[in-house]
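This is what each chain is made of:
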Amino acid sequence: MSQKAQSREAPEPETPHLDFAGTTPYEDYVKADVLTHLQHTLSDDPGEMVFLVTTQVMELWFTVVVHEWETAARALRSDDVPAAMAALKRSVRELEALDASWKPLSGLTPAQFNSYRGALGEGSGFQSAMYRRMEFLLGEKSASMLVPHRGAPRVHAELEKALHEPSLYDEVLRLLARRGHAVPDAVLNRDPAQRYEPSPEVEEVWAALYAGDESDELARLGEVLTDVAELVWRWRNDHLVATRRAMGAKAGTGGSAGVAWLEKRARKNVFPELWTARSRV
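Residues numbered from 1 in each chain as written. Predicted model: local features only at pLDDT ≥ 70, side-chain atom pairs only at ≥ 80, totals over all residues. Heavy atoms only, no water.

*Asks:* Looking at this model, I keep getting lost on the packing of helix H9 (residues 168–178) against helix H12 (residues 217–247). Mind explaining?
*Replies:* If you want to describe how two helices pack, look at the angle between their axes and the distance between the axes. One can describe the packing of H9 onto H12 by two numbers: an axis separation of 12 Å at closest approach and a directional angle of 165°. Looking at the two axes, H9 sits roughly antiparallel to H12. Where H9 crosses over H12, the two elements pack in a sense that is left-handed. Contacts between H9 and H12 pair Leu 168, Val 172, Leu 175 and Leu 176 from the former with Leu 218, Leu 221 and Leu 225 from the latter. Among the residues making up the contact of H9 with H12, the classes are represented as seven nonpolar, no polar and no charged. (Axes fitted to C-alpha atoms, helices over the stretch in contact; angles between N-to-C directions. Helix = DSSP H or I, 4+ residues; strand = E, 2+ residues; numbered from the N terminus. Parallel < 35°, antiparallel > 145°, perpendicular 65-115°, else oblique. Left-handed = near helix turned anticlockwise from the far one by under 90°. Contact = heavy atoms within 4.5 Å. Nonpolar A, V, L, I, M, F, W, Y, C, P; charged D, E, K, R; others polar.)

*Asks:* Please clarify how the pattern of salt bridges should be interpreted in this entry.
*Replies:* Pairs can form between side chains of opposite charge once their charged atoms are near each other. Enumeration according to the criterion identifies 15 salt bridges in this entry. The closest approach of N and O atoms between Glu 171 and Arg 77, which form a salt bridge, is 2.8 Å. With Glu 171 in helix H9 and Arg 77 in helix H4 (residues 48–77), this pair connects stretches of sequence that are 94 residues apart. For Glu 140, the salt bridge is made with Arg 195, and the minimal N-O distance between the two is 3.2 Å. With Glu 140 in the loop between helix H7 (129–137) and helix H8 (153–164) and Arg 195 in the loop between helix H10 (185–188) and helix H11 (200–211), this residue pair connects regions lying 55 residues apart in the sequence. Judged by relative accessible area, Glu 140 falls into the buried class, the value being 10%. Given the relative accessible area of 36%, Arg 195 is considered partly exposed. Linked through salt bridges whose partners overlap, the residues forming this network are Glu 70, Arg 133, Arg 154 and Glu 158. (Salt bridge = Lys/Arg side-chain N within 4 Å of Asp/Glu carboxyl O. Buried < 20%, exposed > 50% of the residue type's maximum accessible area, 1.4 Å probe, protein only.)

*Asks:* Explain unusual backbone geometry to me, please; I cannot follow it from the model alone.
*Replies:* A positive phi is found at Lys 31, a non-glycine position, where the angle reads about 60°. A positive phi angle is found at Asp 79, which is not glycine, with a value near 60°.

*Asks:* Looking at this model, I keep getting lost on the environment of Leu 42. Mind explaining?
*Replies:* For Leu 42, the position within the fold is in the loop between helix H3 (32–35) and H4. Along the sequence, Leu 42 and Ala 119 sit 77 residues apart, while their C-alpha atoms lie 5.5 Å from each other. Beyond its immediate stretch of four places on either side in the chain, Leu 42 contacts Glu 48 and Ala 119.

*Asks:* Sorry if this is basic, but what is going on with H8 here?
*Replies:* Helical periodicity: at 3.6 residues per turn, an α-helix aligns residues three or four positions apart in one direction. The terminal C-alpha atoms of H8 lie 17 Å apart, and with twelve residues this matches the ideal 16 Å at 1.5 Å per residue to within 8%. Val 155, Leu 159, Ala 162 and Leu 163 are the residues of H8 that are buried. End-on view of H8: buried residues confined to an arc of 105°, all on one side of the axis. In H8, the exposed positions that point more than 90 degrees away from the buried face belong to Pro 153, Arg 154 and Lys 161. (Expected span 1.5 Å × (residues − 1). Arc of directions from axis to C-beta.)

*Asks:* I would appreciate a short explanation of the environment of Arg 117 in the present structure.
*Replies:* Positionally, Arg 117 belongs in helix H6 (residues 110–117). Assessed through its relative accessible area of 17%, Arg 117 is described here as buried. Along the sequence, Arg 117 and Met 247 sit 130 residues apart, while their C-alpha atoms lie 9.8 Å from each other.

*Asks:* What should I look at first to understand the packing of H9 against H11 in this one?
*Replies:* Where H9 contacts H11, the axes come no closer than 12 Å and their chain directions differ by 65°. Here H9 lies roughly perpendicular to H11, going by the angle between them. Crossing handedness for the pair H9 and H11: left-handed. Facing Tyr 169, Val 172, Leu 173 and Leu 176 of H9, the residues of H11 in contact are Val 202, Val 205, Trp 206 and Leu 209. When its residues are assigned to classes, the contact of H9 with H11 shows eight nonpolar, no polar and no charged.

Here it is, written out as structure tokens:
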């Protein structure tokens, strides 16, 4: 049969359902109309829109990543390592998308950024509550970071709860201890509201796992956590580069030291013993 004949006999595609009594099912689920009307620029500069939308997109990715890491933490508490690893692997892809969010802003010149920077007032990314929850899950705890959110009771309560809960890494170390590895009591029983500090004994545990069977479940968990840590580091560095390019060494909009503060953050390793243990394998 010729292609022309086949084309004549092919059934016509069905017309999608177009008539709805109210809003579309897509709108009911996605709330696109809400999302696309949350952009209220404060300057006349056309470049402010991409800055605002990019920042809002980042907040959505923060929300997804927090969901994944909290899912992983709950799974680890239940000794369900496969479920934890599945959530962490999803977060790796989401962190890659989050980091790509810097692309629209990465080429900003100082003149372009300054054209709408004044509209930010004292607003700054370090005031993001959802990003703070990400940091808390990584073990970067600080009670002082709750202070900016005292005026928002629900947000403050959520952050305070996250501050006092074990971090994702705390749950990993508790799992290692339950599996018979020599994680010291001082680490297991530490105040979870305090910033995690590296432990030589924890480094030894990871070094032993990495020197053993690479297919071991805990060794594979360590590699997924390393993927997460690497992408967090890349995020911080890309933030640093974008900021340095847009504003040089000026003070940050929220009163921080700007680039100097970001440089300090970029030097910190997430899940530190996973990195230092590699020198001992």
